Every structure is written in C-alpha cells, then in structure tokens.
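Letter by letter, the chains look like this.
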There are 2 protein chains.
Amino acid sequence: MTHPGDSLRPGEETARLDAPRDAALHFIGRLRTPFATRADCPRQGDPENGPECRVIVDAAFVPALDGIEPFERIELLYWLHEARRDLLRQSPKGDGRTRGTFSLRSPLRPNPIGTSLVRLIRRDGDTLLVRGLDCLDGTPLLDIKPARCDYAVQAPPKPGD
Amino acid sequence: MTHPGDSLRPGEETARLDAPRDAALHFIGRLRTPFATRADCPRQGDPENGPECRVIVDAAFVPALDGIEPFERIELLYWLHEARRDLLRQSPKGDGRTRGTFSLRSPLRPNPIGTSLVRLIRRDGDTLLVRGLDCLDGTPLLDIKPARCDYAVQAPPKPGD
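Below or above, wherever it landed, is the structure these notes cover.

Conventions used here
Each chain carries its own residue numbering, running from 1 in the direction its sequence is written. Key to labels: chains lettered from A, ligands numbered from 1, both in the order written. The predicted origin of the model limits local features to residues at a pLDDT of at least 70 and limits the giving and counting of side-chain atom pairs to 80 or more, whereas totals for whole chains, interfaces and linings rest on all residues. Where side-chain values are given, they derive from all heavy atoms of the structure, hydrogens and water being excluded. In superposing the copies, a least-squares fit is computed on C-alpha atoms, taking residues whose pLDDT is at least 70 in both. Whether two residues are in contact is decided by their heavy atoms, any of which lying within 4.5 Å being enough. What makes two strands pair is DSSP finding at least two bridges between them. A helix here means a DSSP run of H or I that spans at least four residues, while a strand means a run of E at least two residues long, and both kinds are numbered starting from the N terminus. Note on disulfides: each one is a pair of cysteine sulfur atoms within 2.5 Å. Buried area: the accessible area, evaluated with a 1.4 Å probe, that two parts lose upon being put together, summed over both parts. A carboxyl oxygen of Asp or Glu within 4 Å of a side-chain nitrogen of Lys or Arg is what we treat as a salt bridge. Pairing of N or O atoms within 3.5 Å defines a polar contact, subject to two protein rules: one partner must be a possible hydrogen donor and the other a possible acceptor, and residues neighboring in sequence count only if both atoms are side-chain atoms. Under this grouping Gly is polar, as are all residues other than the nonpolar Ala, Val, Leu, Ile, Met, Phe, Trp, Tyr, Cys and Pro and the charged Asp, Glu, Lys and Arg.

### What about the relation of the copies chain A and chain B?
Each copy superposes on the other: chain A lies on chain B with an RMSD of 0.0 Å after a rotation of 180° and an axial shift of 0.0 Å. What the superposition gives is, in effect, a two-fold axis relating one chain to the other. Distance from the rotation axis, computed per C-alpha, reaches its smallest value in chain A at Ala24 of chain A: 2.2 Å. When the interface residues of chain A are mapped onto chain B, 100% of them again fall at the interface, so both copies present the same face.

This is how it looks when you write it as structure tokens:
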C-alpha cells in the first residue's frame, strides 16, 4: 500500500490495536466502478449524475436479490480494503489540524465499512446497475438493503411500533 | 438462541455458508437501549420521539470522537449479534410468501450489520446520547460517522469532484 493516505500526517494519532477478532465477514460480491485508484475516487458519490457502476453478487447469494427490483434507492455496505485502521485523529487537509476519525467520513477507520445510498437503475441477473458509488473498482461487497426512506416495514407491527 | 426469528418459516431458504473469514471486525463500544429482548425492539427507530439511548465508546477509541459535537445527525453501524446469517429468502409475515434477504431490512442477513441515522443530543465524555435506535440493549458498536447529508467534505477537492 503506497497511497499517500497511508502515511501519517503531522498531528495524526494512531491507536495500538490488537488484531481484530470480535466478528468476521463474508464478502458477498464486488463493486465495479470506473475508479482504478484511490486518487480517482470522487469524495462523494452522486446518485443522479454519477457514472453507472455494477454491483456483482456471488452466485450463492443471488436468490437473496429477489424482490429488489422495485426499489429506486438502495443502501450498499462494502469493505474499504485498502484503508489503514488505526487512525484516531486525522488531518484531512494535511495542514496539522486534526479531528477525530468518528467526526469524518474518511475511509480510514477502525472498521473500514463504507455505506452509500445509490440509485438502482436495473437488475440484470446477478448484477445491479447503480449510480452514486465513489469507491475503488473491485471493492468487496458486504450487504444490500432497501433505502430506509423508501422502505415499508414488511413484518406485522409490534407493541413498540 | 431461542427467539422465534431463529427458526425457519414455511418457504424460507438458507445458504450453506462456510465460516466467514474474509475480514474481521473490532467491537469499539456498546449501545445501551431500553430494549432487552428482540421482541421489545421497535421495527424502526424514531430520531424525533424515540427513547434516549447511549452509545458508549471503549476507552481506546475515545480520542476518535473529537469534533463530533456539532453534528445533529450521525450514522451508527453495529453488529446484530443475535441474528442468524444463512437466510437467502425470508417470510417476514410467516405466511409462506417469501422475499430475498437483500430486499428486506431484516436483521437476519449474511453480514448482520445494522445502520441507523440517529439524532445526537449531546456528548458526555465517552458517551453519546442519541435518539432513533431500534436495536437490543448491549449491541456491539462498529462505527460512528457524521450523517451524509449534514457533512461537508473536509479534504481538498479532487479532479473527479
């Protein structure tokens, strides 16, 4: 990993972390985007005018896509596999001023899980065509959910609802 | 795990999954909510009128909270530790009609990561007081991010922006 984002900048603070072992993830597919390097990635995706990207779901998980087609917006969770995980304070501008990692949407975080709200253009078998991604080509996929705001709860109401 | 959500309902379909091993997570804290069992959890959190809940961050990660105070809304990621992970098709109403897991916001999914947009009431040291959670008391915390819509990118613009 040679991206400049991996080197510490003035004022940045790291944690000494043990190897993570509290829970483990399945990669369930890959995101195909036009962004080959981290420098190519836009800061934030644009669900209206961003480039068309593909969400390719591994064969074992394709049955879980059933019923996704009518949703206009979906939430994607993915693994920012190039990100260092030990930064507690970061200097986004590299100017010595720092802020805590949890007050930034930087990909560098203890659990580098990216979330995006994207526009679903269409489904084509194991593939979803979407707009609004800002991550690297080849990023591992973790989850697909209907967007919160478009979603009507499917299960019967509970006393607390 | 004896919750009825763990048993299969008519028509539900599972995957035969290997043990997950593609990436590993740190639990960085815990969520304290009034919901002691899954039956007590509301279907969706209410950031306006939901009960006050606490996000307690482990000591090692407290420096990463710096700068969070001004955000009105934050995104929380957490680990739905009681959820089975092998369901491809689910029957939310238990009536034999099923839908793919990725077209539902059910907690039962291959990577049971919950996401919530919550209202930040205030920070008190290692603790954030928030409204809008719908998860079990004691749920492990994975990440805290400023809400997308309230967030101004901090780093300098890139050519793709």
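Moving on, there is more to tell.
### Considering the pairing of strand S8 (residues 113-124) of chain A
Residue and element names in this part refer to chain A. When strand S5 (residues 73-79) meets S8, the two strands line up antiparallel, connected through 7 bridges. Its bridge partner being in S8, Trp79 is matched across the sheet by Ile113. Pairing analysis gives 5 bridges linking S8 to strand S9 (residues 127-131), with the strands arranged antiparallel. Bridge pairing in S9 links Arg122 to Leu129.

### Some points on the state of the cysteines
Between two cysteines, a covalent bond joining their sulfur atoms is known as a disulfide. Residue and element names in this part refer to chain A. Here the structure, examined in full by the defined rule, presents 0 disulfides over all chains. The thiol sulfur of Cys53 is not disulfide-bonded, and the nearest other cysteine sulfur, from Cys135, lies at 7.3 Å. You can see Cys135 has no disulfide; the closest cysteine sulfur is in Cys41, sitting 6.8 Å from it.

### A look at the interface of chain A and chain B
When the parts of a complex come together, some accessible area is lost, and that lost area is often used as the size of the interface. On the chain B side, the residues contacting the 68 residues of chain A number 68 residues. Between chain A and chain B, roughly 6,500 Å² of surface is buried when both sides are summed, and carbon and sulfur atoms account for 56% of that area. Considering only the side of chain A, the residues that lose the most area to chain B are Arg43, Phe102 and Arg105 of chain A, jointly responsible for 14% of the buried surface there. Joining chain A to chain B, the criterion identifies 6 salt bridges. Between chain A and chain B we count 38 residue pairs in polar contact (both at pLDDT 80 or more) in total. Breaking the side of chain A that touches chain B down by element, the ones donating at least two residues are strand S2 (23-25), S5, strand S6 (87-90), strand S7 (99-100), S8 and strand S10 (139-146) of chain A. Counted by class, the side of chain A that touches chain B contains 36 nonpolar, 13 polar and 19 charged residues. Relative to strand S2 (residues 23-25) of chain B, S2 of chain A is paired through 3 bridges, and the arrangement is antiparallel. From the neighbouring strand, Leu25 of chain A faces S2 of chain B, where its bridge partner is Ala23 of chain B.

Nothing here speaks to function; it is geometry throughout.
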